[in-house]
Amino acid sequence: MAAGWLRELAGDRIEVRSAGSAPADSINPAAVEAMAEVGIEISHQKPKILTPESVQASDVVITMGCGDACPYYPGKRYEDWKLEDPAGKGVAEVRSVRDEIRTRIEELIGSLLSREPLDIPVQG
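All of the points below concern the structure found in this document. Here the structure is a predicted model, which means the values were calculated and not measured. (Residues numbered from 1 in each chain as written. Predicted model: local features only at pLDDT ≥ 70, side-chain atom pairs only at ≥ 80, totals over all residues. Heavy atoms only, no water.)

**Focus: the side chain of serine 58**
Considering the arrangement of structural elements, one finds serine 58 in the loop between α3 (52–56) and β2 (60–63). Residue serine 58 is classed as buried on the basis of its relative accessible area of 0%. Within the structure, the side chain of serine 58 is placed 3.0 Å from the side chain of arginine 17, a separation counted as a polar contact. (Helix = DSSP H or I, 4+ residues; strand = E, 2+ residues; numbered from the N terminus. Buried < 20%, exposed > 50% of the residue type's maximum accessible area, 1.4 Å probe, protein only. Polar contact = N/O pair within 3.5 Å; in protein donor to acceptor, adjacent residues only side chain to side chain.)

The structure is reproduced here in structure tokens:
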């Protein structure tokens, strides 16, 4: 959801990568439906593993509770967002997570736009 919001709100001003430390086999159907409600299509996305190479190539790394499973490199900007896990929840419950992610993405974009375009992997 975070990558979907970032692509939608930042357009091509920020390069977006999305990966997880333990990705599921498919995108959460409730997340797909919740994002579709706001006009963002994420059903075509495929979960990917977060690699050290993708972190090294990035300026900012947003994590969502991966802890020690996420690669760490000095000099990168890291943010760990504490969010409710939408796994196993229905669309009604996922909407609040979707909306919280949008707020955080808007703040992130605001903090980045005065700088050169950045590569930002979003784990989640």
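**A word on the nonpolar core**
In this structure, Met1, Leu6, Ile42, Ile101, Ile105 and Leu108 are the most contacted members of the largest nonpolar core, which totals 26 residues. The set of elements that each furnish at least two residues to this core consists of α1 (2–10), α2 (29–37), β2 and α4 (91–112). In terms of residue count, α4 provides more of this core than any other element does, eight residues in total. Ranked by size, the runner-up nonpolar core spans six residues in total, among them Ala19, Leu50, Val61 and Cys66. (Core = buried A, V, L, I, M, F, W, Y, C linked by side-chain atoms within 4.5 Å.)

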